[in-house]
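Structural description and commentary
If you want the building blocks of each chain, they are given just below.
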Amino acid sequence: MNDDDPTERTIADRDVEKRWNDPVAIRRAAGYCAGMVAVAATLTAVFLAVDRTNPFLAASVPAVCFLGGIGALALGYRSYRAGGTWPVWQGAAWFLFTVMLLGLAMPMFAIRQ
């Protein structure tokens, strides 16, 4: 690193300053979230169409969102290690965890019927 150049930033500076502009990473994270939500929506449709009293089928919806959140955190860590834009993936993980919390009502719906 050249100490004379004030425009040159290190990875640590980039982490502290919170100035990210990476449209490719945002598109990848959004596509990942959309794919996981599509899988969860498909499982919801299967649950509602096939057997509304099956708690294991109902639990697959929040399980997919949980695993998707864990996968997003893993991708964020890989991005961090490569010096990329990791907070986008952390946001994707939190979104999927939130959807998982909403989907946790489905197994209770199945048990109560």
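So, here's what we can say about the structure. (Residues numbered from 1 in each chain as written. Predicted model: local features only at pLDDT ≥ 70, side-chain atom pairs only at ≥ 80, totals over all residues. Heavy atoms only, no water.)

1. Regarding the overall build of the protein
Secondary structure summary: the protein contains 5 helices and 0 strands in total. The linear arrangement of helices and strands in the protein, starting from the amino end, is α-α-α-α-α. When the 113 residues of the protein are sorted by exposure, 27% land in the buried category. Counting only contacts in the protein whose residues sit at least 6 apart along the sequence, the fraction spanning at least 24 positions is 72%. (Helix = DSSP H or I, 4+ residues; strand = E, 2+ residues; numbered from the N terminus. Buried < 20%, exposed > 50% of the residue type's maximum accessible area, 1.4 Å probe, protein only. Contact = heavy atoms within 4.5 Å.)

2. A word on a nonpolar patch on the surface
A grouping of Phe-66, Leu-67, Ile-70 and Leu-73 is seen on the molecular surface, where their side chains present a nonpolar patch of about 360 Å² in accessible area. Counting through the fold element by element, Ile-70 comes out in helix α3 (residues 55–81). (Patch = residues over 30% accessible without salt bridge, like charges linked within 9 Å, V, L, I, M, F, W, Y side chains within 5 Å. Areas by Shrake-Rupley, 256 points an atom, 1.4 Å probe, with all protein chains shown as cover. Salt bridge = Lys/Arg side-chain N within 4 Å of Asp/Glu carboxyl O.)

3. Observations concerning the packing of aromatic side chains
Counted under the stated rule, the structure contains 6 aromatic pairs. Note on Phe-47 and Phe-109: the rings are 6.2 Å apart at their centroids and 75° apart in plane angle, and the pair reads as edge-to-face. Residue Phe-47 is found in helix α2 (residues 23–50), and its partner Phe-109 is found in helix α5 (residues 105–112); the two are separated by 62 residues along the sequence. According to the relative accessible area criterion, Phe-47 is buried, its value standing at 0%. An aromatic cluster of three or more residues is present, and its members are Phe-66, Trp-94 and Phe-97. (Phe/Tyr/Trp six-rings, centres within 6.5 Å; stacked < 30°, edge-to-face > 60°.)

4. What about helix α4 (residues 87–103)?
Counted at 1.5 Å a residue, the expected span for α4 with its 17 residues is 24 Å, and the 24 Å between its end C-alpha atoms agrees. Residues of α4 that are buried: Trp-89, Ala-92, Ala-93, Leu-96, Phe-97, Met-100 and Gly-103. Looking straight down α4, one finds that the buried residues subtend no more than 135° of arc, so they occupy a single side. Exposed and facing more than 90 degrees away from the buried side of α4 are Trp-94, Leu-101 and Leu-102. Buried positions along α4 lie against α2, α3 and α5. (Expected span 1.5 Å × (residues − 1). Arc of directions from axis to C-beta.)

5. Let's talk about the environment of Pro-62
Examined against the element boundaries, Pro-62 turns out to sit in helix α3. On a C-alpha basis, the gap between Pro-62 and Pro-107 in space is 9.0 Å, while along the polypeptide they are 45 residues apart. If we ignore the near neighbours within four places in the chain, the residues touching Pro-62 are Met-100, Gly-103, Leu-104 and Pro-107.

6. Details of the nonpolar core
Listed in full, the 10 residues of the largest apolar core are Ala-29, Cys-33, Met-36, Val-64, Ala-72, Trp-89, Ala-92, Ala-93, Leu-96 and Phe-97. Those elements that provide at least two residues to this core are α2, α3 and α4. Setting aside residues no more than four positions away along its own chain, Met-36 makes contact with Val-64, Gly-68 and Leu-96. (Core = buried A, V, L, I, M, F, W, Y, C linked by side-chain atoms within 4.5 Å.)

7. Quick look at the packing of α2 against α3
At a minimum axis distance of 8 Å, the contact between α2 and α3 shows a crossing angle of 170°. With respect to α3, the element α2 is oriented roughly antiparallel. Residue-level contacts link Tyr-32, Met-36, Val-39, Ala-40, Leu-43, Thr-44, Val-46 and Phe-47 of α2 to Leu-57, Ala-58, Ser-60, Val-61, Val-64, Cys-65, Leu-67, Gly-68, Gly-71, Ala-72 and Leu-75 of α3. Classifying every residue of the contact of α2 with α3 by side-chain character gives 15 nonpolar, 4 polar and no charged. (Axes fitted to C-alpha atoms, helices over the stretch in contact; angles between N-to-C directions. Parallel < 35°, antiparallel > 145°, perpendicular 65-115°, else oblique. Nonpolar A, V, L, I, M, F, W, Y, C, P; charged D, E, K, R; others polar.)

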